[in-house]
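# Notes for the structure review
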Amino acid sequence: MSSQPDHSMLLTRIADALDRLAPPPAPACDWLAHPAYVWTGSAARAVERLDAPALDLLRGIDTQKARVVSNVERLAAGHAAHDMLLWGSRGMGKSAVLRAAIRAAQQAHPGGIALVQVAQEALSGVTALFATLGGINRRFLVFIDDLGFEEDDGSGPRLLRSWLEGGVEARPANVRLAVTSNRRAIVARSMSEQNDPINPRDVVDDRLALADRFGLSIGFHNCDQDAYLAIIEGYAREFGLTWEQNDALEWSRRRGARSGRVAWQYVNELAGRAGKVI
């Protein structure tokens, strides 16, 4: 009798062992079942609950809020809608108003629209995402938060242009892009370009050309003292908190800024002092 091992049986045992070690395949994403998703670059993760403030609590940005809400409502209803660039000061509610507008549209149009958030490091996979979403009978707002390209980054701006310009990689009809950025131009400008004595206006125009491809470009600016206090007043009334103006102003001085985010942080401090959860 031969003492040689049965090679086919050995290979089968090795394959079975490798199958047991390999992680199970990710379940297919149900693009109709959830209010929001996170795109990792190659796959989607469902978000069971969309965390967003009530629209009425977003103060000091009434004009910006109205434009965002109207555009998202159009998209949810299946009407013509714009890609959006929300740019400007940190902490003034750019991403918050997008999430709040989506949630309001979902209440008015159940199942009609979902938010898909994409991190900047996952941008290279957005074309594949568009290919998937284009076959789903639902509207989607693809959301890229805090986007900014460095001066020497050529691939990122090219991708963004291709999605917005209607080429073969453009987003499908049931999808719109929403981008937030601290810079209107999205792409950083070097000091040498800003100081270039040879037609510097052309340099600025070229940088802003990317932003001009969005149907809506909405600026968010630092709030003044009155707006900052009005934001706090709205939150405090909503959550039954007492506060003092001088204390609120001292909080902003210690933070070195007045913004919706700083106002919310102060309200959170008030709630903590009062032993409340908000």
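Everything discussed here concerns the structure shown above.
Conventions used here
Residues numbered from 1 in each chain as written. Predicted model: local features only at pLDDT ≥ 70, side-chain atom pairs only at ≥ 80, totals over all residues. Heavy atoms only, no water. Buried < 20%, exposed > 50% of the residue type's maximum accessible area, 1.4 Å probe, protein only. Helix = DSSP H or I, 4+ residues; strand = E, 2+ residues; numbered from the N terminus. Pairing = 2+ DSSP bridges. Right-handed = clockwise from strand over helix to strand, strands pointing away. Salt bridge = Lys/Arg side-chain N within 4 Å of Asp/Glu carboxyl O. Axes fitted to C-alpha atoms, helices over the stretch in contact; angles between N-to-C directions. Parallel < 35°, antiparallel > 145°, perpendicular 65-115°, else oblique. Left-handed = near helix turned anticlockwise from the far one by under 90°. Contact = heavy atoms within 4.5 Å. Nonpolar A, V, L, I, M, F, W, Y, C, P; charged D, E, K, R; others polar.

## Quick notes on the pairing of strand 4 (residues 113–118)
Counting buried residues along strand 4, 5 of its 6 residues qualify, which places the element largely inside the surrounding structure. Relative to strand 5 (residues 139–144), strand 4 is paired through 6 bridges, and the arrangement is parallel. Bridge pairing in strand 5 places Leu115 opposite Leu141. Read as a crossover between parallel neighbours, the route from strand 4 over helix 4 (residues 126–133) to strand 5 is right-handed.

## Digging into the pattern of salt bridges
All told, the structure shown has 7 salt bridges when counted by the stated rule. In this structure, Arg237 engages Glu233 in a salt bridge whose closest nitrogen and oxygen atoms are separated by 3.0 Å. With a gap of 4 residues between them, Arg237 and Glu233 both fall in helix 8 (residues 225–239), about one helical turn apart. Overall, the relative accessible area of 52% leaves Arg237 in the exposed class. On the basis of relative accessibility, which here comes to 31%, the residue Glu233 falls in the partly exposed class.

## Some words on the packing of helix 2 (residues 62–76) against helix 3 (residues 94–108)
Interhelical geometry of helix 2 versus helix 3 gives an angle of 40° and a closest axis separation of 9 Å. Here helix 3 runs oblique to helix 2, going by the angle between their axes. Seen along the crossing, helix 2 lies across helix 3 with a hand that is right-handed. In contact with Lys65, Val68, Val69, Val72, Glu73 and Ala76 of helix 2, helix 3 contributes Val97, Leu98, Ala101, Ile102, Ala105 and Ala108. In terms of residue class, the contact of helix 2 with helix 3 is built from 10 nonpolar, no polar and 2 charged.

## Some points on the sheet that holds strand 1 (residues 36–39)
Spatially, 2-1-4-5-6-3-7 is the arrangement adopted by the 7 strands of the open sheet, whose pairing is mixed. Strands at the two margins of the open sheet, each flanked by one partner only, are strand 2 (44–47) and strand 7 (216–220). Taking each pair of neighbouring strands and ignoring which way they run, the sheet shows an average axis angle of 20°. Sheet topology places strand 3 (residues 84–88) next to strand 6 (residues 175–181); 4 bridges connect them, and they run parallel. Counted as the bridge partner of Met84 is Ala178 from strand 6. Contacts between helix 2 and the sheet are confined to strand 3, strand 4, strand 5, strand 6 and strand 7, with strand 7 contributing the most and set at about 150° to the helix.

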